[in-house]
Each structure stands twice: as structure tokens, then as C-alpha cells.
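Breakdown of the fold
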Amino acid sequence: MLNFEKTINLTTSLHNTITSFYAPLTLTINPSSLIVSKKIYKIEYIFDDEIKTQTLFYKKTTTETLPFSSEIGDPRNYKCNKTFYITSTATSQIFGVSANVYQLGVTNPTKIEFKLNLISPKMDGTGGFFDSVQLLYTRMFGVNNDILYVFESVNPNYYIPVVVNWNNKPVIEPIVDLSSKSRRAYNILKPFQNQNVENPYNIDFVDKQKEVENDPNYPDCK
Amino acid sequence: MNKLIENQSSGEIWMRTPSGKILPSTDALSALNLKYSTINPDFHFELINNEIKRFDFFYDVIFIETASGYIFDKLSKNENVLIPENNDNRLTLKPNMESNPDYWLDEVNKKIYVVDNEIKYWTSVSVKINVKIKQFDITKNLYSTKFSYDIELIYSNTITKKPTIEPCKISYNLDTRCFNISFILRGNDEEFGLISSTLKKNQNLVINNINCLLPYTTVQKINSNVLVDKLLETDFYS
């Protein structure tokens, strides 16, 4: 399964930006260069479908109010990974991401909100992912006329089997009006996303907080 | 480089004749070659000079494709020699070299369905593609175009070069008695696009739907126009 990867640095300048990437995308948010005035004790990463929280995992005191990024427990030392898939029938989709940065001694979190415009990758041709893609074989089956398309790609070389069902389109014979849906991709431009249905959010996210809490070398880390 | 392309090399076809002799196809099929010497000298030249691109057998029907065209011909045995059953022209020429047929063998009814496509014309905002379906009745040795239709795509944005069309692929759904004919149609940057037609098979063929996925443009309309619509040869006879 093809997966594009991108790392972005979480900074205040990211706020209110929109950036385009190819999907599916594994986005890594790296907060290490985030500069704020106080010590950060929690960063909340808010996605459309879930919230991930990275909290300070060493004992905090009221006197420690300055950022101290060299500490292992600083939330800025931990990246956040999230994989996005286009879930609509369009060839692009916008996802909102926001990070709430909580600082000691500051009531309201600093919000950094940005958008991702995720685009189905171009299969081949100029600027395409593959050098070329050929249709090798088709097989139509079942009562709904599902069609198995087997493509062969060149550089990188893959056999790409994709099952498409075209039946949802309105049929006005002998003219088929596609004005509203002509660009929809089904899964044909997203062969890499065939596993969506099975496991859409299979993210390898390590809970560092829990790891350290259970680490006998750091008995006071709670 | 594609491994399949990398491994391609020229070969030579040899055949075992009905008497058991193993001969080069140029000798074993000399009667067939002779038939096409008068019909089309170019095709004949390719047959006898090992310029066959693709071949196949369906019972006693042979399919041969060269750069200039292809044939489906029924062979019979005459004193241990293979000869074509008739002398009519079974050659389909490929004038623009852009058409390669695909075929599907209906083993139960001993029929071969052959599909071919070509671009008839194009403008900056439209393209018209012709698709032909021929039927070869192996038992009756009848071969003719049974269905032909144009697909016209109307774009809302401009195409600056002639689209590249790739050969059709045909498949048949036994459950719904429908054919699917799909092919790739490339845009300005040689980018992938897909056209799919579903044809319902009864006594003749009927367009059930036509769909497309052309990420490089926005399609406003698909028009279809049936040019040839003939009754298919009857199935289920022995």
C-alpha cells in the first residue's frame, strides 16, 4: 500500500495555513522547534476523528515555569503521527488539524490551526507516481457487475488489482450525464487505499507517558 | 525497465500438422499464407517473415496479429494439410497502428467475441471513439461485426493534443450476461484515464451504461451513438 509521508514542524507560523499533499498521507508533527514563553505541560493534537494528547511526564513544580526543552519529559520532544485517507469520492479532501499548546501559568492554550488539502496522486504521465500504467486484464463478476481491473505499473513495477463498481452513476440513455461526478475517483486512483475499509487508522503510536510511568528506573515519574 | 518488456525477444512459431510432422508455421500454414498473398501483400510479408506479434488458437480457429492487422481464420484438414476453410477476407487492418484487439472465447457456445477501438476524431473539447464488437461463430465459421458504437466525450476544459487510446479489454459476466469493455484514454500529459462500457447481451447487444474516469479533465457529457446493431448468432445449439 502506497503511503506518502511528510513531517511538518509545529510552529506558530503554521497557524491558518493550508498545505497540499498527496494521500494517503502519514503526517508527522514535530513540535521540537515550538517556541513559547512558558513551560509546556501538554499538547493536544485535534484531528477530525480523534484527539491525541502528549503531556509532560515528569514531576512539575510551580516554580518551574520556564521552557526546558532538554528535559526528556517535555512534550515537545515527542512527535505525533497521523495517517489520513481520502474518504470521499472526490479526488481531493480537506482535513483540519489543530494543536492546543498548554503552558504552565497560562489559562488558555495557544492554538495552532492548519488545514491539509489531500489530493489523490496522479497515477502516471508527466509528474505521475508511476512512469506508466497499463490495463492488463479485466473481469466482470457478480450480480452488480463489479469489475476487477488489473493494472501493471512501470517504475515502480506493480500489479495493481482494483475492484470498481460503476453502478452508482445515473444512467440516462443514450446520454450519460456526468456533470457532477466526472472527477470522482472510486478507488482507481487510490489503489493504495484498498485497505481503508479494513483498517483505516492503523497508526503505530507509542504512549511515551505510559512507558515512563511503568519504567522502574523512574519511580517518581507520575 | 519493465521486466515483461525487458524479456521480450523474437521467436518462431512451429506447429505439429495433423500427420504428426513438426514444421515451421510458415510451412504448416502455407495455404493460409497463400490466401493472404493476394488479399494483402503487406500482411502476407509479415506472415512469412516471422513478424507475428501475437497468436492464439480456439479449437480449429487461428488468430494471428501482425503490425499491420489481424485475422481469425478457421482451418480444416485436407490430406494432412491445414487449409483455411474459405477464401473470404478475414483480415482487419490497423491503419493507425493504434488498435489491438482483445477477445473472449465463449467455450460453451463456441463463439469468439473480438473488440477493437480507435479514435475517430478529436477537438480541443471533445473526442469521439469508435468501438466495434465482432462475433466469430466457430461452428458455422461466420465472422462479422455485430455491434459498433461511438463514444463522444465532451470536456469542459481544453485538451491540447490528441488523446492516446490504448487497446480495449473485454470481459463477460455470466451472472448478468453483460460484457464490459474498458480501455485507457490518456490526456495532455499522457495521464491515465479510463473509459468503461457495459453491454447487455440478448439476441443482440445493448449499451447498458458508459462511465469514465478522466482525472485530467472534467467531462460534461458522454454521448453514445450506435452504428451497427445486428442479431448475434444463436447460442446453445450443438
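Just above, that's the structure.
Residues numbered from 1 in each chain as written. Chains lettered and ligands numbered in written order. Predicted model: local features only at pLDDT ≥ 70, side-chain atom pairs only at ≥ 80, totals over all residues. Heavy atoms only, no water.

Across its full length, chain A carries 1 helix and 12 strands. For chain A, the sequential pattern of α-helices and β-strands runs β-β-β-β-β-β-β-β-β-β-β-β-α. For chain A, buried positions account for 46% of its 222 residues. In chain A, once contacts between residues fewer than 6 apart in sequence are set aside, the share between residues at least 24 apart is 52%. As displayed, chain A has an accessible area near 11,500 Å², and 51% of this comes from carbon and sulfur atoms. (Helix = DSSP H or I, 4+ residues; strand = E, 2+ residues; numbered from the N terminus. Buried < 20%, exposed > 50% of the residue type's maximum accessible area, 1.4 Å probe, protein only. Contact = heavy atoms within 4.5 Å. Areas by Shrake-Rupley, 256 points an atom, 1.4 Å probe, with all protein chains shown as cover.)

Residues and elements named next belong to chain A. With mixed pairing, 5 strands are arranged side by side in an open sheet as S2-S8-S7-S4-S5. The open sheet is flanked by strand S2 (17–22) and strand S5 (51–55), the only strands paired with a single partner. Each adjacent strand pair in this sheet contributes to an overall mean axis angle of 20 degrees, direction not counted. Here 10 bridges tie strand S7 (residues 92–103) to strand S8 (residues 110–119), and the two strands are oriented antiparallel to one another. Directly across from Gln-93, in S8, lies its bridge partner Leu-118. (Pairing = 2+ DSSP bridges. Axes fitted to C-alpha atoms, helices over the stretch in contact; angles between N-to-C directions.)

Next up on the list: unusual backbone geometry. Peptide bonds are, in most cases, trans, and in most cases residues other than glycine have a negative phi. All names here are of chain A. Omega for the bond connecting Ala-23 with Pro-24 falls within 30 degrees of zero, at -5 degrees, which places this linkage in the cis form. Within the fold, Pro-24 resides in the loop between S2 and strand S3 (25–30). Residue Asn-145 is not a glycine yet carries a positive backbone phi of 55 degrees. On the secondary structure map, Asn-145 appears in the loop between strand S9 (132–141) and strand S10 (146–154).

Moving on: the side chain of Thr-26 of chain A. Residues and elements named next belong to chain A. Relative to the elements of secondary structure, Thr-26 occurs in strand S3. One polar contact links Thr-26 to Thr-83, side chain to side chain, over a distance of 2.9 Å. Residue contacts for Thr-26: discarding those within four places in its chain leaves Asn-3, Phe-4, Glu-5, Lys-6, Lys-82 and Thr-83. (Polar contact = N/O pair within 3.5 Å; in protein donor to acceptor, adjacent residues only side chain to side chain.)

This brings us to the packing of aromatic side chains. Scanning the entire structure with this criterion turns up 24 aromatic pairs over all chains. With a centroid separation of 6.0 Å and an interplanar angle of 15 degrees, the aromatic rings of Tyr-149 of chain A and Phe-151 of chain A are classed as stacked. Through a chain of ring-to-ring contacts, three or more aromatic side chains come together here, namely Phe-58, Phe-63, Tyr-70, Phe-72, Tyr-103, Phe-136 and Tyr-143 of chain B. Sitting over the face of the ring of Tyr-102 of chain A, Lys-42 of chain A holds its NZ or CZ atom 4.6 Å from the ring centroid. Here Lys-110 of chain B stacks its cationic end above the ring of Tyr-59 of chain B, 4.8 Å away from the centre of that ring. (Phe/Tyr/Trp six-rings, centres within 6.5 Å; stacked < 30°, edge-to-face > 60°. Lys NZ or Arg CZ within 6 Å of the ring centre and 35° of its normal.)

Residues and elements named next belong to chain B. On inspection of all chains with the given rule, the structure shows 17 salt bridges over all chains. The salt bridge involving Lys-140 is made with Glu-233; its shortest N-O contact spans 3.4 Å. Of this pair, Lys-140 sits in the loop between strand S10 (126–137) and strand S11 (142–155) while Glu-233 sits in the segment after strand S17 (219–229), and the two are 93 residues apart along the sequence. Looking at Lys-140, the relative accessible area reads 41%, which means it is partly exposed. Take Glu-233: its relative accessible area is 17%, and that puts it in the buried class. (Salt bridge = Lys/Arg side-chain N within 4 Å of Asp/Glu carboxyl O.)

This part is about the pairing of strand S6 (residues 81–84) of chain B. Residues and elements named next belong to chain B. Side-chain alternation along S6 places Leu-82 and Pro-84 on a buried face and Val-81 and Ile-83 on a face that remains uncovered. Direction of pairing for strand S5 (residues 69–78) relative to S6: antiparallel, over a ladder of 4 bridges. From the neighbouring strand, Ser-76 faces S6, where its bridge partner is Ile-83. In this structure, the hairpin formed by S5 and S6 is closed by a connection of 2 residues, where Glu-79 is found at a positive phi of approximately 50 degrees.

Turning next to the packing of helix H3 (residues 30–39) of chain B against helix H4 (residues 41–48) of chain B. All names here are of chain B. Direction vectors running N to C along H3 and H4 enclose 150 degrees, while the axes themselves pass 6 Å from each other. Classified by the interaxial angle, the pair formed by H3 and H4 is roughly antiparallel. Like other packed secondary-structure pairs, H3 and H4 cross with a definite hand, here left-handed. Residues Asn-33, Tyr-36, Ser-37 and Ile-39 of H3 pack against Pro-41, Phe-43, His-44, Leu-47 and Ile-48 of H4. Per-class residue counts for the contact of H3 with H4 are 6 nonpolar, 3 polar and no charged. (Parallel < 35°, antiparallel > 145°, perpendicular 65-115°, else oblique. Left-handed = near helix turned anticlockwise from the far one by under 90°. Nonpolar A, V, L, I, M, F, W, Y, C, P; charged D, E, K, R; others polar.)

So, on to the side chain of Glu-152 of chain B. Residue and element names in this part refer to chain B. By the secondary structure assignment, Glu-152 is in strand S11. The buried charged residue Glu-152 lacks any salt bridge partner; its closest oppositely charged side chain belongs to Lys-128, at an N-O distance of 5.1 Å. Of the polar contacts made by the side chain of Glu-152, one reaches the side chain of Tyr-121; its length is 3.2 Å. Those residues in contact with Glu-152 that sit more than four places away from it in its chain are Tyr-121, Ser-126, Val-127, Lys-128, Lys-221, Ile-222 and Asn-223. (Lys, Arg positive; Asp, Glu negative; His and termini not counted.)

Looking now at the environment of Val-150 of chain A. Residue and element names in this part refer to chain A. For Val-150, the location among the structural elements is in strand S10. Exposure remark for Val-150: the relative accessible area of 16% places this residue in the buried category. For the pair Val-150 and Tyr-137, spaced 13 residues apart in sequence, the C-alpha separation works out to 5.2 Å. Residues in contact with Val-150, not counting those within four places in the same chain, are Gln-134, Leu-135, Leu-136, Tyr-137, Ile-160 and Pro-161.

What follows covers the nonpolar core. Ile-133 and Leu-185 of chain B are the most contacted members of the largest nonpolar core, which totals 33 residues. Secondary structure elements with two or more residues in this core: strand S9 (111–123), S10, S11, strand S13 (169–173), strand S14 (178–186), strand S15 (194–201), strand S16 (205–213) and S17 of chain B. Considering every element that reaches this core, the biggest residue donor is S11 of chain B, with 5 residues. Counting 27 residues, the second largest nonpolar core, distinct from the first, contains Phe-4, Phe-21, Ile-43 and Tyr-45 of chain A. (Core = buried A, V, L, I, M, F, W, Y, C linked by side-chain atoms within 4.5 Å.)

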